[in-house]
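The chain contents come next:
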Amino acid sequence: MDFSIPKDTQLMLDLIQEFMEKEVYPLEQNFLNEPPEVFQPRLDALREKVKQMGLWGPAQPKEYGGMELPLTDFALVSEILGTSPLGHYVFGTQAPDAGNIEILHKYGTPEQKERWLRPLVEGKIRSCFSMTEVEMPGSNPVYMETTAVKDGGDYVINGQKWYTTAADGAAFAIVMAVTNPDAPPYQRASMIIVPTDTPGFDLVRNINIMGHKGGGYFSHAEILYHSCRVPQSNLLGPEGAGFRIAQERLGPGRIHHTMRWLGVARRALDLMVSYAARRPIAPGQVLADKEIIQAWIAESAAEIQAARALTLQTAWRIEHLGWKETRQEISMIKFLVANTMQKVVDRALQVHGGLGMTDDTILAYFYRHERAARIYDGADEVHKVSLAKRILRPYREQMEAGRNRLR
Ligand SMILES: Cc1cc2nc3c(=O)[nH]c(=O)nc-3n(C[C@H](O)[C@H](O)[C@H](O)COP(=O)(O)OP(=O)(O)OC[C@H]3O[C@@H](n4cnc5c(N)ncnc54)[C@H](O)[C@@H]3O)c2cc1C
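Residues numbered from 1 in each chain as written. Predicted model: local features only at pLDDT ≥ 70, side-chain atom pairs only at ≥ 80, totals over all residues.

A word on the overall build of the protein
This is how the line gets drawn: For the purposes of this entry, the term helix denotes a DSSP run of H or I that reaches at least four residues, the term strand denotes a run of E that reaches at least two, and both are numbered from the N terminus. The size measure is the radius of gyration over C-alpha atoms, and the globule rule it meets is 2.2 Å times the number of residues to the 0.38 power. Throughout, a pair of residues is in contact if the C-beta atoms placed from their backbones lie within 7 Å.
Regarding its fold elements, the protein presents 14 helices and 10 strands. For a compact globule of 407 residues, the expected C-alpha radius of gyration is about 22 Å, and the protein comes in at 22 Å, within 12% of that figure. Excluding contacts between residues fewer than 6 apart, the proportion of contacts in the protein whose partners are at least 24 apart in sequence is 70%.

Focus: the site of the ligand
Using the following cut-off: Nearness rests on one distance test: the residue's C-beta atom, set from the backbone, must lie within 6 Å of the molecule or strand. As a working rule, the residues Ala, Val, Leu, Ile, Met, Phe, Trp, Tyr, Cys and Pro are called nonpolar, Asp, Glu, Lys and Arg charged, and the rest polar, with Gly in that last group. Delimitation of the domains relies on an automatic or database domain assignment.
Residues in contact with the ligand amount to 19 residues; listed here are only the nearest, Met131, Pro137, Gly138, Ser139 and Thr165. Within the residue set of the shell around the ligand, elements represented by two or more residues are strand E1 (127–130), strand E3 (154–165) and helix H14 (380–400). A per-class count over the shell around the ligand returns 11 nonpolar, 7 polar and 1 charged. Taken together, domain 2 (127–238) and domain 3 (249–398) each give at least three residues to the shell around the ligand, which thus spans both.

Some details on the domain arrangement of the protein
Quoted interface sizes are often the accessible area lost when the parts come together. Once the domains are mapped, the protein shows domain 1 (7–94), domain 2 (127–238) and domain 3 (249–398). Between the C-alpha centres of domain 1 and domain 2 the distance comes to 28 Å.

What about the nonpolar core?
To be explicit about the condition: Nonpolar cores are identified as sets of buried Ala, Val, Leu, Ile, Met, Phe, Trp, Tyr and Cys residues joined via C-beta atoms within 7 Å. Exposure classification rests on a simple neighbour count of other C-beta atoms within 10 Å of a residue's own: a residue reaching 20 or more is buried, one at 12 or fewer is exposed, and one in between is partly exposed. C-beta atoms are placed from the backbone.
The biggest cluster of nonpolar side chains holds 96 residues, and the ones touching the most others in it are Ile192, Val194, Ala268 and Ala348. The residues touching alanine 268, leaving out its near neighbours within four places in the chain, are Val344, Val345, Ala348, Leu363 and Phe366.

Looking at unusual backbone geometry
Note that the residue after alanine 95, namely proline 96, is joined by a cis bond; omega there is 0°. Here proline 96 lies in the loop between helix H5 (87–90) and helix H6 (97–107). Notably, glutamate 68 is not glycine yet its phi reads approximately 50°, a positive angle. The residue alanine 166 is not glycine, and still its phi comes out positive at about 65°.

Thoughts on the pairing of E1
Put simply, the test is: Two strands are counted as paired when DSSP detects at least two bridges linking them.
By the alternation rule, side chains of E1 split into Ser127 and Phe129 and Cys128 and Ser130, which are all buried. Looking at chain direction, E1 and strand E4 (residues 172–178) are connected through 4 bridges and run parallel. Bridge pairing links serine 127 to phenylalanine 172 in E4.

A short note on the packing of helix H9 (residues 250–278) against helix H11 (residues 327–351)
Heads up, the rule is: Interaxial angle, 0 to 180 degrees, is taken between N-to-C directions of lines fitted to C-alpha atoms, where a helix line uses only the stretch in contact. Every angle not falling under 35 degrees, over 145, or within 65 to 115 is termed oblique; those three ranges are roughly parallel, roughly antiparallel and roughly perpendicular. Crossing handedness is defined as follows: a turn of the near helix away from the far one that is anticlockwise and smaller than a right angle gives a left-handed crossing, while the clockwise case is right-handed.
Contact geometry of H9 with H11 gives a least axis separation of 9 Å together with a crossing angle of 20°. Put simply, H9 runs roughly parallel to H11. Considering only the axes of H9 and H11, their crossing is left-handed. Classifying every residue of the contact of H9 with H11 by side-chain character gives 20 nonpolar, 3 polar and 3 charged.

Some thoughts on the packing of helix H4 (residues 71–81) against H9
Interaxial distance between H4 and H9 falls to 6 Å at its minimum, and their mutual angle equals 35°. Considering the relative orientation of H4 and H9, their crossing is right-handed. Contacts between H4 and H9 involve Leu71, Ala75, Ser78, Glu79, Ile80 and Leu81 from the former and Pro252, Ile255, His256, Met259, Arg260, Leu262 and Gly263 from the latter. Broken down by class, the residue content of the contact of H4 with H9 amounts to 8 nonpolar, 3 polar and 2 charged.

Here we look at H9
An α-helix turns once per 3.6 residues; consequently, residues spaced three or four apart project the same way. Applicable threshold: In a helix, the anticipated span is given by 1.5 Å times the number of residues less one.
Under the 1.5 Å per step criterion, the end-to-end length of H9 is 42 Å for 29 residues, consistent within 8% with the ideal 42 Å. Most of H9 is tucked away, with 22 of its 29 residues classed as buried.

Considerations on the environment of valine 121
Here valine 121 lies in helix H7 (residues 110–121). What makes valine 121 buried here is the crowd of 26 C-beta atoms within 10 Å. Those residues within four positions of valine 121 in sequence are excluded, and the remaining contacts are Gly57, Gln60, Pro61, Tyr64, Gly65, Gly66 and Ile101.

Considerations on helix H10 (residues 291–321)
Across its 31 residues, H10 extends 44 Å between first and last C-alpha, which sits within 8% of the 45 Å expected from 1.5 Å per residue. Here H10 has its buried residues at Ile293, Trp296, Ile297, Ser300, Ile304, Ala307, Arg308, Thr311, Leu312, Thr314, Ala315 and Ile318. In this structure, the buried side of H10 is in contact with H4, H9 and H11. Immediately beyond the C-terminal end of H10, within one or two residues, lies glycine 322, with a positive phi of roughly 95°.

A word on the environment of proline 137
Relative to the helices and strands, proline 137 is located in the loop between E1 and strand E2 (147–151). Spatially, the C-alpha atom of proline 137 lies 42 Å from that of serine 4, the residues being 133 residues apart in sequence.

Considering the pairing of E4
The side chains of a regular strand alternate, residue by residue, between the two faces of the sheet. Most of E4 is tucked away, with 7 of its 7 residues classed as buried. Here E4 shows two buried faces, one formed by Phe172, Ile174, Met176 and Val178 and the other by Ala173, Val175 and Ala177. Summarising the sheet, E4 and strand E5 (residues 189–195) pair through 7 bridges and their orientation is antiparallel. In the sheet register, valine 175 faces E5, and the bridge partner there is isoleucine 192.

Looking at the environment of aspartate 14
You can see aspartate 14 is positioned in helix H1 (residues 7–24). Judged by C-beta crowding, with 11 C-beta atoms within 10 Å, aspartate 14 ranks as exposed.

Listed below in structure tokens is the structure:
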């Protein structure tokens, strides 16, 4: 495993880091204080600059105008972009569009690609992914109520979804719905493209998240699909393949998330250290002179480095051995990195005292919004249970064969 960074890649990373510091971080106060309609043009202007620099769409397919970086390179980019809540969006590689682009690229028909994929990669439209339901457990998605029933040449979709991130202003949703109720559980659901202006696509509300409704890209919606009719040609991939497609993009998607979270942790550590080094606590003394603060700094740095090493190793394994051979690590990094990030953000906020609770730094935003990391992309507990089962399996088999005795 070679983790050394080629010179060209390092130059690109340095360029992106510089852009983040000069152009993106200074916009965060506008992001936190301005209404979305005032703020959006500022973001759009930055996106244009990124395009002119040739850094648009680092993970997106080349044939549609992206850079199509290998997974390990994109992981390093994602870490830098993750240091600001605006980073991925400004570089045209934000969730859930990035995942939807992968799905459309692999499974879209030529017509679907021309109508949806091309403008999506170009940043002309946005999309959302609509799977989780209000009344059913997202942790057990095969247990789903939304249906898509064939009628003539159409599907008629009925169901109540929520947490459809970035639905507000999106051009289309990729909806998971049961099309084959009598098939085995993992072959019951399909992914279907639903344009958001289809009658019966009702955006009920943007959900309040920790006191913030959000708007536009930065929002999470509840959506009622009410006799929502779309042509059968909007099906993505084969009918009943919804979970298989979702599974395939699980590995790369996990790397995108965890490297972004590591970016959040790195920024929080940076803010913690720089504040501790300058905040006076007594005449001639700053916070960083206190041993308890030094311990937080040391623990945070070590924990970030350990989580980062495992994440990069996981990206390397996915790239070279495939996701099936990397299942354990893909589960491990989900909860390990989410928890590392939260510990570091919490310590950084604590070091900032009252200032940490305000929106004068980005820490309170991270604290509010990144709490969700332990819930989405599979709740931590689900990953722990499945990892433990894999680890236990050979011991259980030995036990059954009478070879694992207590004495
Ligand atoms: C900010 C945010 C953005 C999101 N974006 C999207 C999106 O764009 N599209 C989309 O479709 N969904 C999205 N989601 C939804 C997300 O995928 C679900 O919230 C998640 O899968 C958990 O499902 P649930 O909320 O229904 O919790 P439930 O499944 O009801 O689980 C509740 C809790 O029970 C525990 N639990 C669950 N299963 C087990 C188990 N087997 N063993 C032990 N404990 C268990 C866990 O602690 C879990 O948090 C988003 C969620 C958040 C918070």
